[in-house]
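If you want the building blocks of each chain, they are given just below.
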Amino acid sequence: MIERSWQNWAGNQQAYPAHRAEPASVDEVRSVLQGAVDRSRSVRCVGAGHSFTPIAVTDGVQISLDSLRGIESVVRDDDGSARVTVLAGTRLRELTVRLWDLGLAMTNLGDIDEQSVAGAISTGTHGTGARFGGIATQVHALELMTANGRLVRCSRDENAELFDAARIGLGALGVITRITLDCVPAFALRAVEEPSTLTAALAELETTVAAVDHFEFYWFPHTDRVLTKRNTRLPGNAVLRPLGKVRSYLDDELLSNTVFEGLNRMVTRVPALIPRLNAVSARALSAREYTDRSYRVFASSRTVRFVEMEYAVPASEIGRVLREVDRWLEQSSMSIAFPVEVRFAAADDIWLSTAYGRPTAYIAVHQYHRRDHREYFDAVEAICRSVGGRPHWGKLHSLGGDELRDSYEHFDDFLRIRDSMDPYKVFGSEYLEHLLS
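Since the model is a prediction, treat every value here as computed from it, not as a measurement. (Residues numbered from 1 in each chain as written. Predicted model: local features only at pLDDT ≥ 70, side-chain atom pairs only at ≥ 80, totals over all residues. Heavy atoms only, no water.)

(A) Fine view of the overall build of the chain. In terms of regular secondary structure, the chain is built from 14 helices and 19 strands. Along the first, second and third principal axes, the C-alpha set of the chain runs to 60 × 50 × 40 Å. In the chain, buried positions account for 56% of the 437 residues. In the chain, the proportion of contacts linking residues at least 24 apart, taken out of those at least 6 apart, comes to 73%. (Helix = DSSP H or I, 4+ residues; strand = E, 2+ residues; numbered from the N terminus. Buried < 20%, exposed > 50% of the residue type's maximum accessible area, 1.4 Å probe, protein only. Contact = heavy atoms within 4.5 Å.)

This is how it looks when you write it as structure tokens:
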């Protein structure tokens, strides 16, 4: 038996389901679903709880996928790539280590690797790189279980429309049980991180994004300062020069987490200090370069609690968006301590993908969990919406079905597939109906 109360990683969402289950096999998933149907209870799945929205919240049955994990099979191709089938609750952190041992890697990853594979694809988790899509684009096939216990497999060649819907399915189509990923030969990344200015970064943006495999930057609000990160792909047998233990601890644990937590506690009490501290923090950053296994470079440790909103905008509009956010901050009374993260992704063909049909830039804004985020997030949302922005499915936003329908040409196709897979809305919730009304 597991605890019935639940909250997400950020602590901003709580649930008190009538029953929480942690099945350790596909047959146990079927048994849990049968029990829920018999008692007329709704069902929601949860992975690592890294979504900031109520997407996993239910007063019915909440299924944790934590015990449904591990690699089931590896089918290799002549070019060194492979199709790897994993159970849905497998955490990205453990999967990437196992893949490296097998001489393989995921094509791209986000900057947090705590999520389950099923949770990451269901909410559209992504990394950065103009030639690379989100994690869902790496899915070769999926297996879902419907409310009546039926297993349905989908891929580009089998139940293709279901595949188009299920790769970012919001948990609305059934319980994902197995995922087959297209993996590539293991590769290293050379990371070059250095301070710059927002003015320079935007002036060179188009050229930089096209030339660098994985480019992103962090802008410090109330300043013109940014930290740029350029990751270049190298063969898996490249000589690794990882960060030393002392430098890694100082930069990634002490400064990025411990000290940053302390600063946020302080400025929560005295927000007027934020612009000055941002300027000092930005100028204190020093350049660094290192080479390591790809998954170690992609992901970073994050222990400071925050809430987040992220919008996907056309890549050509990101400069305008950032200037408008800067202008709003100058005119408002808000002071923001968290850097604004900017990333990039290739267009894809997944129905509910934020990058559907267009090269995309992502702007992510954060607020310390002890501070009110609403005024800031509302302002940034309005700016992003003015250029056709789409909100990340796992992060805070205010949109409902009417606005989302306008953003996705296959929105009604998704609802049609949902009706066929879950006609009685067993996998529904109040929040999901708000999104899919």
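(B) Focus on helix H10 (residues 318-331). Compared with the 20 Å implied by 1.5 Å per residue over 14 residues, the 20 Å span of H10 between its first and last C-alpha is a close match. Every buried residue of H10 is accounted for by Ile318, Gly319, Val321, Leu322, Val325 and Leu329. Down the axis of H10, the buried side of the element spans an arc of 165°, and every buried residue falls inside it. Facing away from the buried side of H10, by more than 90 degrees, are the exposed residues Glu330 and Gln331. (Expected span 1.5 Å × (residues − 1). Arc of directions from axis to C-beta.)

(C) Local environment of the sheet that holds strand S4 (residues 43-46). Sheet architecture is open: three strands sit in the order S3-S5-S4, paired in parallel fashion. Pairing within the sheet leaves two strands with one partner each, and these edge strands are strand S3 (19-21) and S4. Averaged over all neighbouring strand pairs, the angle between strand axes comes to 20°, with direction disregarded. Helix-sheet contacts for helix H1 (residues 26-38) involve S3, S4 and strand S5 (61-64), and the interaxial angle to S5 is about 170°. (Pairing = 2+ DSSP bridges. Axes fitted to C-alpha atoms, helices over the stretch in contact; angles between N-to-C directions.)

(D) Structural view of the packing of aromatic side chains. Throughout the structure, instances matching the rule amount to 11 aromatic pairs. Arranged with centres 5.2 Å apart and planes meeting at 70°, the rings of tryptophan 9 and phenylalanine 306 form a pair that is edge-to-face. Of this pair, tryptophan 9 sits in the loop between strand S1 (6-7) and strand S2 (14-15) while phenylalanine 306 sits in strand S16 (residues 306-314), and the two are 297 residues apart along the sequence. The buried category is assigned to phenylalanine 306, whose relative accessible area is 5%. Among the aromatic residues, ring-to-ring pairing joins Trp9, Phe52, Phe306 and Phe338 into one connected group. Just above the ring of phenylalanine 187 sits the side chain of arginine 233; from NZ or CZ to the centre is 3.9 Å. Between arginine 390 and the ring centre of tyrosine 408, over which it is positioned, the NZ or CZ distance is 5.3 Å. (Phe/Tyr/Trp six-rings, centres within 6.5 Å; stacked < 30°, edge-to-face > 60°. Lys NZ or Arg CZ within 6 Å of the ring centre and 35° of its normal.)

(E) Seen up close, the pattern of salt bridges. For the structure shown, the criterion picks out 31 salt bridges. Ionic pairing is found between arginine 69 and glutamate 94, a salt bridge with its closest N-O pair at 2.4 Å. One end of the pair, arginine 69, is in the loop between S5 and strand S6 (71-76); the other, glutamate 94, is in helix H2 (residues 92-101), with 25 residues separating them in the sequence. Among the residues examined, glutamate 94 registers a relative accessible area of 29% and is labelled partly exposed. One connected set of salt bridges, linked through shared partners, spans Asp111, Glu308, Glu310, Glu341, Arg343 and Lys395. (Salt bridge = Lys/Arg side-chain N within 4 Å of Asp/Glu carboxyl O.)

(F) Seen up close, the sheet that holds S16. Taken in spatial order, the eight strands line up as S15-S12-S14-S13-S17-S18-S16-S19 in an open sheet, and their pairing is antiparallel. This sheet does not close on itself; its edge strands, each paired only once, are strand S15 (288-293) and strand S19 (390-391). Pairing of strand S17 (residues 340-345) with strand S18 (residues 360-368) involves five bridges; the strand directions are antiparallel. When the bridges of S18 are listed, alanine 345 appears paired with threonine 360. Across the sheet, helix H11 (residues 374-385) touches S16, S17 and S18, and the angle it forms with S16 is around 10°.

(G) Main features of the environment of alanine 346. Mapped onto the elements of the fold, alanine 346 is located in the loop between S17 and S18. Judged by its relative accessible area of 16%, alanine 346 falls in the buried class. Spatially, the C-alpha atom of alanine 346 lies 34 Å from that of arginine 150, the residues being 196 residues apart in sequence. When residues no more than four places from it in sequence are discounted, the contact partners of alanine 346 are Gly129, Ala130, Arg131, Phe132, Gly133, Ala355 and Arg358.

(H) Inspection of the pairing of strand S13 (residues 214-219) at higher detail. Extensive coverage of S13 is indicated by the burial of six of its six residues. Side-chain alternation along S13 places His214, Glu216 and Tyr218 on one buried face and Phe215, Phe217 and Trp219 on a second face that is also buried. As paired strands, S13 and strand S14 (residues 225-235) are joined by six bridges and run antiparallel to one another. Paired with glutamate 216 across the two strands is lysine 229, which belongs to S14. Hairpin connection of S13 to S14: five residues between the antiparallel strands, including histidine 222 at a positive phi of 75°. Relative to S17, S13 is paired through three bridges, and the arrangement is antiparallel. Bridging across to S17, tryptophan 219 finds its partner in valine 340.

(I) Here's a closer look at unusual backbone geometry. You will see that serine 40, though not glycine, has its phi angle at about 55°, which is positive. Given a relative accessible area of 69%, serine 40 falls into the exposed group. For lysine 425, which is not glycine, the phi dihedral falls at a positive 55°. Within the fold, lysine 425 resides in the loop between helix H13 (411-421) and helix H14 (430-435).

(J) How the structure looks around the side chain of histidine 410. Relative to the helices and strands, histidine 410 resides in the loop between helix H12 (401-407) and H13. Polar side-chain contacts of histidine 410 include one of 3.1 Å to the side chain of tyrosine 356. (Polar contact = N/O pair within 3.5 Å; in protein donor to acceptor, adjacent residues only side chain to side chain.)

(K) Just H2, in detail. Listed as buried for H2 are Leu92, Leu95, Thr96, Leu99 and Trp100. Angularly, the buried residues of H2 cover 135° about the axis, an arc narrow enough to put them on a single face. Directly after H2, the chain includes glycine 103, whose backbone phi takes a positive value near 80°.

(L) Fine view of the side chain of glutamine 115. Note that glutamine 115 resides in the loop between strand S8 (104-105) and helix H3 (117-122). On the basis of relative accessibility, which here comes to 12%, the residue glutamine 115 falls in the buried class. With near-sequence residues (within four places) excluded, glutamine 115 lies in contact with Ala48, His50, Thr90, Arg91, Leu92, Ala120 and Thr125.

Any functional reading would require information that these geometric values do not contain.
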